Amino acid sequence: MPLTPISELLQHARAHRYALGYFESWNLESLQGVLDAAEATCSPVIIGFNGEFLSHPDRKLTERLGCYAELGKGAAAGATVPCGLIFNECPNDAWVRNAVLAGFNLVMPADAAASDKEYGRRVAALTEFAHRHGVAVEAEVGHLPAGTNGREHGSQLTDPELAARFVQETGVDLLAVSVGNVHVLIKGEQDLDLERLSQICRQVANPLVLHGGTGISATSLREAIALGVAKVNYGTYLKQRYLTAVRASVAVHEDNPHELLGIGGDRDVMIAGRVAVRDAVLERIGLLGCCGKAK
């Protein structure tokens, strides 16, 4: 089926009190693994790619954004469950605009280095542009800490009043919040500040988003969804599982390269990665309450 408008996905999620999962992809195998799990559980899903990574000036080779857009749209067209397609967390406004024109139906400008005033101005302009093209916008108030090897840095919790003003002034469709969730938490899990989240929910009518889903405890996640969180992002643990599977696959001695790449058998590295992502998504998607909601 074609991409489902984000507004429809969110409306259904809020009406039936579940959260959409955004399980981030980085290539064809990871994308197919996400869809395998979504279809197996009959779950609406957000698919997409990381805009900060793809647009980063230090990449060895420049990425072709249109290829990723067509890959996502093609995946959704062949899927049996409703899909949205996000260009996630991009600090480069030109790339965000190009993502809108390329066919993503949800974009997220995100720039932790910008001041609140500058970020709000840019988000308002990008939202106006995106809405003219029928594309939804997600933005963030507050900053998630980044956790690496158990250490965290850069936290700025979301202020409920600031969040309400930001939504009103920018016109964004979804708001990502910082309430104890952590980006790239390699080890362990944490509980959320549910009181702060509740305060935000009382002041912001828009659907809320939790990034850093990998490190959120199951109990906190369920309570957050009950409060009104409508989208949860996952990325870190998917890549962890993917790398583990691929490393094990390439460690097997095999002289025939076709057995390891493209033939689709038990030894195929690409299949190993796809299956690892599928199984990783299956472990978490049930927590969101979305299973069976695509019927």
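This text goes with the structure placed above it.
Conventions and cut-offs
Residues numbered from 1 in each chain as written. Predicted model: local features only at pLDDT ≥ 70, side-chain atom pairs only at ≥ 80, totals over all residues. Heavy atoms only, no water. Phe/Tyr/Trp six-rings, centres within 6.5 Å; stacked < 30°, edge-to-face > 60°. Buried < 20%, exposed > 50% of the residue type's maximum accessible area, 1.4 Å probe, protein only. Helix = DSSP H or I, 4+ residues; strand = E, 2+ residues; numbered from the N terminus. Lys NZ or Arg CZ within 6 Å of the ring centre and 35° of its normal. Pairing = 2+ DSSP bridges. Right-handed = clockwise from strand over helix to strand, strands pointing away.

**Digging into the packing of aromatic side chains**
The geometry of an aromatic ring pair is captured by two quantities: the separation of the ring centres and the angle between the planes.
So, step 1. Following the criterion strictly, the structure yields 7 aromatic pairs and no others.
So, step 2. Plain terms: the ring middles of Phe87 and Trp95 are 6.4 Å apart, the flat faces sit at 10° to each other, and that makes the pair stacked.
So, step 3. For Trp95, a relative accessible area of 18% translates into the label buried.
So, step 4. With centroids separated by 5.4 Å and ring planes inclined at 55°, the aromatic side chains of Phe87 and Phe104 adopt a geometry described as tilted. In this pair, Phe87 sits in strand 3 (residues 83-90) while Phe104 sits in the loop between helix 5 (93-102) and strand 4 (106-109), placing the two residues 17 residues apart along the sequence. Taken individually, Phe87 and Phe104 each receive the classification buried, so the pair is uniform in this respect.
So, step 5. Taken together, the ring pairs in this structure connect Phe23, Tyr234 and Tyr237 into an aromatic cluster.
So, step 6. Across the ring face of Phe129, the terminal group of Arg97 is positioned such that the distance to the ring centre comes to 5.8 Å.
So, step 7. It is Arg284 that lies over the ring of Tyr237; its NZ or CZ is 4.3 Å from the centre.

**Some thoughts on the pairing of strand 2 (residues 45-50)**
Working note: regular strand, side chains alternate between the two faces of the sheet.
So, step 1. Here strand 2 lies mainly inside the structure; 6 of its 6 residues are buried.
So, step 2. Here strand 1 (residues 20-23) runs beside strand 2; their pairing, made up of 2 bridges, is parallel. The residue bridging Tyr22 from the neighbouring strand is Ile46, located in strand 2.
So, step 3. Note that the unit made of strand 1, helix 2 (residues 28-40) and strand 2 has a crossover that is right-handed.
So, step 4. By the bridge criterion, 6 bridges tie strand 2 to strand 3 in an arrangement that is parallel.

**Some thoughts on the pairing of strand 8 (residues 174-177)**
So, step 1. Along strand 8, one buried face is formed by Leu174 and Ala176 and the opposite face, lined by Leu175 and Val177, is buried too.
So, step 2. Here strand 5 (residues 136-141) pairs with strand 8 via 4 bridges, running parallel. From the neighbouring strand, Ala139 faces strand 8, where its bridge partner is Leu175.
So, step 3. With 2 bridges joining them, strand 8 and strand 9 (residues 208-210) adopt parallel strand pairing. For Leu175, the partnering residue across the bridge sits in strand 9 and is Leu208.

Don't take any of this as a statement about function, it's just geometry.
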